[in-house]
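Architecture at a glance
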Amino acid sequence: MTTDTVKMTVLVTGATGRVGRRVVESAEAAGLTVRPASRAGAVRFDWADRSTWADALRGADAAHLAHLPDVGAPGAAEAVGAFARLAVELGVRRLTLLSARGEPQAHATEQAVRDSGAGWTVVRAAWFAQNFSEGPLLDGMRGGELVFPGGEVLEPFIDTRDIADVVVAALTGGDRFAGRTLDLTGPRLLSFREAVAEVSGAAGRDIAYVPVPARDYGAALREFGVPAAEAEFLVELFETNLDGRNAVLSEGVREALGREPRDFSDYVKECAGAGIWSA
Ligand SMILES: NC(=O)c1ccc[n+]([C@@H]2O[C@H](COP(=O)([O-])OP(=O)(O)OC[C@H]3O[C@@H](n4cnc5c(N)ncnc54)[C@H](OP(=O)(O)O)[C@@H]3O)[C@@H](O)[C@H]2O)c1
């Protein structure tokens, strides 16, 4: 890390999310000045409201981009491209994009960041371990039954703390990770059934895994009030990236951080110890 990077001010979007809040923690621990941004965050920022963009960016040297609701959602490439170009106009030199492995829907968004003129790093992450403890799957886990279209596919779940550490390594690593697309996985392949069984064992209570077809899952989402277009996007996403294409480990965390990625079991023990999955 150089004197320049220590003085770096970084805008972190999605700053209260599963990855973003850990990027904030990791960047602060590295001595960077952090601007945590989201719709209700310290710095107000909304992908759907362009009037919030310039103020969020002004004064930042670098920015970490997480597009919501998804990196490959309809309109993501246009929004992220426009935001990245504005960032460059306002003097932001370095961008990281949180992307997803095995998600062709995200490729145009990644390309928009590569074309922005900034020094860029795309961080393509596997399924987050923290999906089981934060966000929409938590209710099912607490309720004792995870209904999900993950079949028996193997997934290299990654701890979001490792993603955050890689993002900060990319932002502070000078040219080392500029112009790179980093593929990040955890150290082990697990099926959703095995992952839920690990949680169940550590939490000391029965939690069942019930695989369902993606189309049935989409229909259930619509019944819970998810708009039809969003549910359809998720169905297509799950049919794509849960078809086995991601059932392979990568070296990205080891290369960027010089250490092993955190194991799913360690994450599970910590969350169970904190009572996250108590009924
Ligand atoms: N889940 C996975 O396994 C996985 C894997 C690879 C990649 N990804 C990608 O990771 C990203 C999601 O990251 P995450 O899971 O850390 O997020 P998250 O936990 O769902 O949190 C969402 C964050 O974004 C903010 N946000 C929501 N809507 C927003 C909007 N319209 N404009 C600005 N900020 C908004 C939220 O705060 P406010 O409510 O205050 O706005 C919050 O800080 C997506 O791009 C997804 O494609 C996910």
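Whatever comes next refers back to the structure up there.
First, a word on what this report is: a plain description of the structure on this page. What you are looking at is a predicted structure, and each value in this text was computed from that prediction instead of being measured.

**Some details on the sheet that holds strand β9 (residues 180-184)**
Strand pairs in the sheet, formed through backbone hydrogen bonds, run parallel or antiparallel to each other. Read from one edge to the other, the open sheet built from seven strands follows the order β3-β2-β1-β4-β5-β6-β9, with strand pairing classed as parallel. The two strands at the open ends of the sheet, each matched to only one other strand, are β3 (43-44) and β9. Relative to strand β2 (residues 33-38), strand β1 (residues 9-13) runs parallel, the two sharing five bridges. Residue Leu11 lies in a different strand from β2, and its bridge partner there is Arg35. Here helix α2 (residues 20-29) sits on the sheet in contact with β1, β2 and β4 (62-65), set at roughly 165° to β1. Contacting β1, β4, β5 (94-100), β6 (119-125) and β9, helix α7 (residues 160-172) runs over the sheet at an angle of about 150° to β5.

**A closer look at the pattern of salt bridges**
Scanning the entire structure with this criterion turns up 24 salt bridges. Taking the shortest distance from any N to any O, the salt bridge between Arg21 and Glu134 comes out at 3.2 Å. One end of the pair, Arg21, is in helix α2; the other, Glu134, is in the loop between β6 and α6 (138-143), and 113 residues separate them in sequence. A relative accessible area of 18% places Glu134 in the buried class. One salt-bridge network, in which partners are shared between bridges, spans Asp162, Asp165, Arg259 and Arg262.

**Side note on the environment of Arg39**
Residue placement: Arg39 occurs in the loop between β2 and β3. Arg39 sits 29 residues away from Val10 along the chain, and the two C-alpha atoms are 17 Å apart. Leave out the neighbours within four places in its chain, and Arg39 touches Arg44, Phe45 and Asp46.

**As for the site of the ligand**
Inspection of the region around the ligand gives 24 residues, with Thr16, Val19, Ser38, Arg39 and His67 positioned closest. Take Asp46: an N or O atom from its side chain is 3.0 Å from a nitrogen atom of the ligand. At three residues, the largest contribution of residues to the shell around the ligand is made by β5. For the shell around the ligand, the class distribution of residues is 13 nonpolar, seven polar and four charged.

**Thoughts on the side chain of Thr185**
With respect to the helices, strands and loops of the structure, Thr185 is situated in the loop between β9 and β10 (190-191). For Thr185, the side chain forms a polar contact with the main-chain nitrogen of Ser250, separated by 3.1 Å. Excluding anything up to four places from it in sequence, Thr185 contacts Arg101, Ala126, Pro156, Ile158, Val248, Leu249, Ser250, Val253 and Pro261.

Procedures and definitions
- Residues numbered from 1 in each chain as written.
- Predicted model: local features only at pLDDT ≥ 70, side-chain atom pairs only at ≥ 80, totals over all residues.
- Heavy atoms only, no water.
- Pairing = 2+ DSSP bridges.
- Helix = DSSP H or I, 4+ residues; strand = E, 2+ residues; numbered from the N terminus.
- Contact = heavy atoms within 4.5 Å.
- Axes fitted to C-alpha atoms, helices over the stretch in contact; angles between N-to-C directions.
- Salt bridge = Lys/Arg side-chain N within 4 Å of Asp/Glu carboxyl O.
- Buried < 20%, exposed > 50% of the residue type's maximum accessible area, 1.4 Å probe, protein only.
- Near = heavy atom within 4 Å.
- Polar contact = N/O pair within 3.5 Å; in protein donor to acceptor, adjacent residues only side chain to side chain.
- Nonpolar A, V, L, I, M, F, W, Y, C, P; charged D, E, K, R; others polar.

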